[in-house]
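Analysis of the macromolecular model
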Amino acid sequence: MSNRLKSEDSPYLQQHKDNPVDWYPWCDEAFERAKDENKAIFISIGYSSCHWCHVMEENVFTNKECADILNKHFICIKVDREERPDIDKHYQEVYMLLNRRAGGWPTSIFCTPQNKPFYAGTYIPPHTQDINSNAMGFVELSKLIADKISSHDMQLLQNADEIEGYIKHQEHPKEATVLSEDFVKNFMHQAKNNYETTYGGFSVAPKFPHASTLNTLLVIDKLYGDKAAKAMVINTLEQMKKGGMYDVVDGGFCRYSVDEKWLVPHFEKMLYDNALLCELYTNAYLTYKNEHFLRIAKEIADFWHNHMSEDALMYSASDADSEGEEGVYYTYGYEELSELDKESLEELSVSQNGNFEGKNIIRLDGTPPMNFEDIKSTLQTIRAKREYPFIDKKIQTSWSGMMIKALFLLGKVDVRYKQRAITALDTLLESMFVEGTLYHTTLIRKIPKIEAFLEDYAFLSQALIEAFDATANELYLISAQQFANTALEKFYDKGVWRFSRGDFETKAEISDNTYTSSVAIMVDVLLSLGTLLEDEKYTHFAFKTLEYNSYELGRRPILYPAMLRQTLRYVLGDRVVKSNIRNLEANSTALASLAYPFVLKKASDDDGFMICGSKSCFAHIKSIDEIDAIILKTF
């Protein structure tokens with residue numbers, strides 16, 4: 001018999017609709033019932049493509065013993081973190097407070113009947129004996145909590161009150177510091193300390209791509225010719241694309257690697273990772289002219305277009321698991337590849353023993369074989385006979401905005417992607433901006449319900465500015481301005497940005513965590529609007545945001561790479577290239593490849609190229625080849 005989740009749109013909640021647990025979606029009814037019946041609240045947060053979320057469902061939420069305890073003693077609430085990032089953000093902060101380390105998914109929160117949290121975990125096995133630590137299993141833990149709540153345990157209730165007080169207390173920076181290029185020195189020192197020299201990346205294992213850190217290193221190399229920054233970028237991008245975390249067969253990146261070589265991933269593919277990495281590999285191609293980087297960027301874009309889109313709208317994610325097991329779709333048995341010759345098998349890193357649980361992840365440690373396209377076709381044919389991993393078909397404004405921006409950038413090299421970006425942007429606006437209200441997420445052909453958060457305004461506005469840059473269509477610029485104005489009204493107050501307002505208010509972070517900080521993206525949008533519209537109020541709001549966070553930016557810039565990029569942009573200033581539309585379009589690749597990283601374009605009547613700063617123009621030239629040298633003299 002289905003529970004209350006059967007009426008929800010979220011694919012993740014739908015996955016749990018047949019659990020024996022009496023789940024509620026996030027709603028007032030659940031919290032009212034908890035108070036009325038004096039029952040503890042159990043909140044479980046996850047997402048549809050999360051491997052360990054599936055493991056917890058299988059071991060705990062479909063376990064009759066666990067379900068009976070939950071149904072008798074708890075009010076249970078399921079949350080899709082992608083649908084409600086505000087709720088997830090709040091409880092990740094609770095987890096950090098209680099455990100002194102970052103959390104993850106699934107997130108397991110226990111609260112008092114008044115919804116005051118007192119315990120936070122991630123995956124919790126069903127029984128204590130299943131755990132190689134001092135932690136308790138789910139059965140033992142939930143029984144203990146139920147007893148303490150029913151007996152009105154004063155220590156537990158007092159702890160919950162104290163935790164609530166800590167959560168509600170808002171710290172403000174004790175001081176500000178002058179925004180400076182010197183922040184780069186600290187960033188480089190911290191990046192070098194974290195950098196893993198053999199296989200790249202900024203940890204040993206597990207390894208996340210850290211696209212924002214790499215983009216900032218690329219900007220530093222472009223500005224200062226920093227050889228260490230360049231080496232970190234190129235080595236990491238070369239290592240990541242070899243195969244494993246990167247799917248060399250279908251294209252697209254998995255979320256992270258569990259080993260140091262980027263070989264063994266958790267196999268889920270997320271739109272945000274692929275959007276940010278598509279942009280990064282395109283930027284790296286434009287900077288270093290490495291054709292392999294361009295190939296990877298195109299393969300990412302093509303994978304999402306061919307496998308993860310419908311009616312020009314982009315799906316959120318695909319699962320790690322299929323046929324009840326992680327990685328089944330992506331790996332190969334040695335016998336399956338018997339038609340390939342020995343040399344090809346070696347080049348694909350295929351062996352009888354395998355490189356992942358007896359199976360083989362395809363990896364190209366050297367140059368791809370000359371006949372790799374034929375081999376790839378064989379590998380795809382084998383995959384086509386398998387069950388494809390579950391696809392979460394939610395459409396998300398923020399993540400779609402990221403990919404649309406990347407497509408516009410890629411379109412400066414190959415015009416096909418520009419047209420694809422235009423179609424995707426126009427369709428997204430038509431679907432998610434309804435009767436003057438911007439929404440966060442929906443399913444295709446469903447009416448959206450959840451209104452937009454700061455990240456939606458930020459990434460959509462950034463995509464609109466990129467659209468204006470690519471097309472010179474001022475309607476895109478006007479729309480970006482309108483969304484930025486609304487974001488300022490809804491989320492901004494004296495240098496501080498809120499992620500969400502209304503019933504569930506949360507502060508927006510300046511750190512780049514799962515993906516780029518929405519605050520940093522808003523600063524980028526405001527600086528662009530200030531330059532393009534020649535309106536200093538937008539630049540002022542950007543400055544106040546940077547100033548408010550300046551002490552932290554100067555002290556630990558490695559945590560805030562996107563904010564550091566915007567600091568450099570503010571300090572050094574934008575440059576604007578003006579020319580007629582024909583010139584701008586014909587030279588789109590060359591203009592995107594300019595050494596100075598903070599260049600905007602504006603259409604004019606000029607036959608040549610006018611080079612301007614934020615308040616005046618200082619050169620008029622005929623040849624695009626002269627632009628780099630002229631800009632170099634201005635900073």
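Everything that follows concerns the structure shown earlier in this document.
The sections below set out a description of the structure shown in this document. For every chain, the first residue of the written sequence is number 1, and numbering continues from 1 onward in sequence order. Two thresholds apply to this predicted model, a pLDDT of at least 70 for residue-level local features and 80 or more for giving and counting side-chain atom pairs, whereas whole-chain, interface and lining totals are computed over all residues. The basis for every side-chain value is the complete set of non-hydrogen atoms in the structure, without hydrogens or water.

Working definition: helices are DSSP H or I runs of at least four residues, strands are E runs of at least two. Numbering for both runs from the N terminus. Helix and strand counts for the protein chain stand at 25 helices and 25 strands. Relative to the 2.2 N^0.38 estimate, which gives 26 Å for 635 residues, the radius of gyration of the protein chain is 25 Å and therefore close to what a compact globule would have. Counting only C-alpha atoms and orienting by the principal axes, one finds that the protein chain spans roughly 80 × 65 × 50 Å. Two residues form a contact once any of their heavy atoms are found within 4.5 Å. Sequence separation of at least 24 residues holds for 69% of the intrachain contacts in the protein chain that already meet a minimum separation of 6. Looking at the protein chain as shown, the accessible area adds up to about 26,500 Å², and 48% of this sits on carbon and sulfur atoms. Asp and Glu are treated as the negative residues and Lys and Arg as the positive ones, with His and the ends of the chain left uncounted. The atoms used to mark charge sites are NZ of Lys, CZ of Arg, CG of Asp and CD of Glu. Measuring between centres, the 69 positive side-chain charges of the protein chain sit 3 Å from its 94 negative side-chain charges. As defined in this context, the radius of gyration uses C-alpha atoms, and a globule is described by 2.2 Å times the residue total to the power 0.38. What sets the accessible areas is the Shrake-Rupley method with a 1.4 Å probe; for residues, cover comes only from the shown protein chains.

Definition used for salt bridges: Asp or Glu carboxyl oxygen within 4 Å of a side-chain nitrogen of Lys or Arg. According to the stated counting rule, one finds 48 salt bridges in the structure shown. Note that Lys615 is salt-bridged to Glu536, the shortest N-O span being 3.4 Å. Here Lys615 is found in the loop between strand E24 (609–612) and strand E25 (617–621), whereas its partner Glu536 is found in helix H20 (residues 536–548), with 79 residues between them in sequence. Between Asp574 and Arg569 there is a salt bridge; the shortest N-O distance is 2.7 Å. What makes Arg569 buried here is its relative accessible area of 6%. The buried label applies to any residue whose accessible area, calculated with a 1.4 Å probe on protein chains only, is under 20% of its type's maximum; exposed applies above 50%, and partly exposed to all values in between.

Okay, the state of the cysteines next. Note: disulfide means a covalent bond formed between the sulfur atoms of two cysteine side chains. Here, a disulfide means two cysteine sulfur atoms that sit within 2.5 Å of each other. Counted according to the given criterion, the structure contains two disulfides. Here Cys50 connects covalently by a disulfide to Cys53, the sulfurs 2.4 Å from one another. Measuring handedness by torsion sign, the sulfur bridge of Cys50 and Cys53 sits at about 85° and is right-handed. Cys612 shares a disulfide with Cys617; S-S distance 2.0 Å. On the sign convention where negative means left-handed, the S-S torsion of about 85° between Cys612 and Cys617 marks this disulfide as right-handed. Take Cys617: its relative accessible area is 40%, and that puts it in the partly exposed class. Across the protein chain, the disulfide pattern expressed with sequentially numbered bonded cysteines is 1-2, 3-4. The cysteine Cys76 is free of any disulfide, with Cys66 supplying the nearest cysteine sulfur at 11 Å.

Counting buried residues in strand E17 (residues 437–443) gives six out of seven residues, a clear majority hidden from the surface. Pairing between two strands requires that DSSP report at least two bridges joining them. Pairing analysis gives three bridges linking strand E15 (residues 394–396) to E17, with the strands arranged antiparallel. Each bridged residue has a counterpart across the sheet, and for Ile395 the counterpart in E17 is Thr442. With two bridges connecting them, strand E16 (residues 433–434) and E17 associate as antiparallel partners. In the sheet register, Val434 faces E17, and the bridge partner there is Thr437. Counted along the chain from E16 to the antiparallel partner E17, the turn is two residues long, and its residue Glu435 has a positive phi close to 50°. Across two bridges, the pairing between E17 and strand E18 (residues 450–451) is antiparallel. Counterpart to Thr441 in the pairing with E18 is Ile450.

This part covers the nonpolar core. Ranked by internal contacts, the top residues of the largest apolar core, which has 209 residues, are Phe74, Leu217, Trp497 and Ile627. At 12 residues, the largest contribution of residues to this core is made by helix H11 (residues 271–288). Grouping buried Ala, Val, Leu, Ile, Met, Phe, Trp, Tyr and Cys residues that are joined through side-chain atoms within 4.5 Å yields what is termed a nonpolar core.

Another point: the sheet that holds strand E1 (residues 23–25). In sheet architecture, strand pairing relies on hydrogen bonds along the backbone and comes in two forms, parallel and antiparallel. Here five strands make up an open sheet; going across it, the order is E1-E3-E2-E4-E5 and the pairing mixed. The sheet terminates laterally at E1 and strand E5 (117–121), the two strands that pair on one side only. Adjacent strand axes in the sheet meet at a mean angle of 25° when their direction is disregarded. Note that E1 and strand E3 (residues 74–80) share three bridges and pair parallel. Each bridged residue has a counterpart across the sheet, and for Trp23 the counterpart in E3 is Cys76. Where helix H2 (residues 28–37) meets the sheet, it contacts E1, strand E2 (40–46) and E3, and its direction lies at approximately 160° from that of E3. Lines fitted to C-alpha atoms define the axes here, with helix axes fitted over just the stretch in contact, and angles between the N-to-C directions of these axes take values from 0 to 180 degrees. Each of E2 and E3 touches helix H4 (residues 64–73); the most contacted strand, E3, lies at about 110° to it.

Read these as layout, nothing more, since geometry by itself doesn't imply function.
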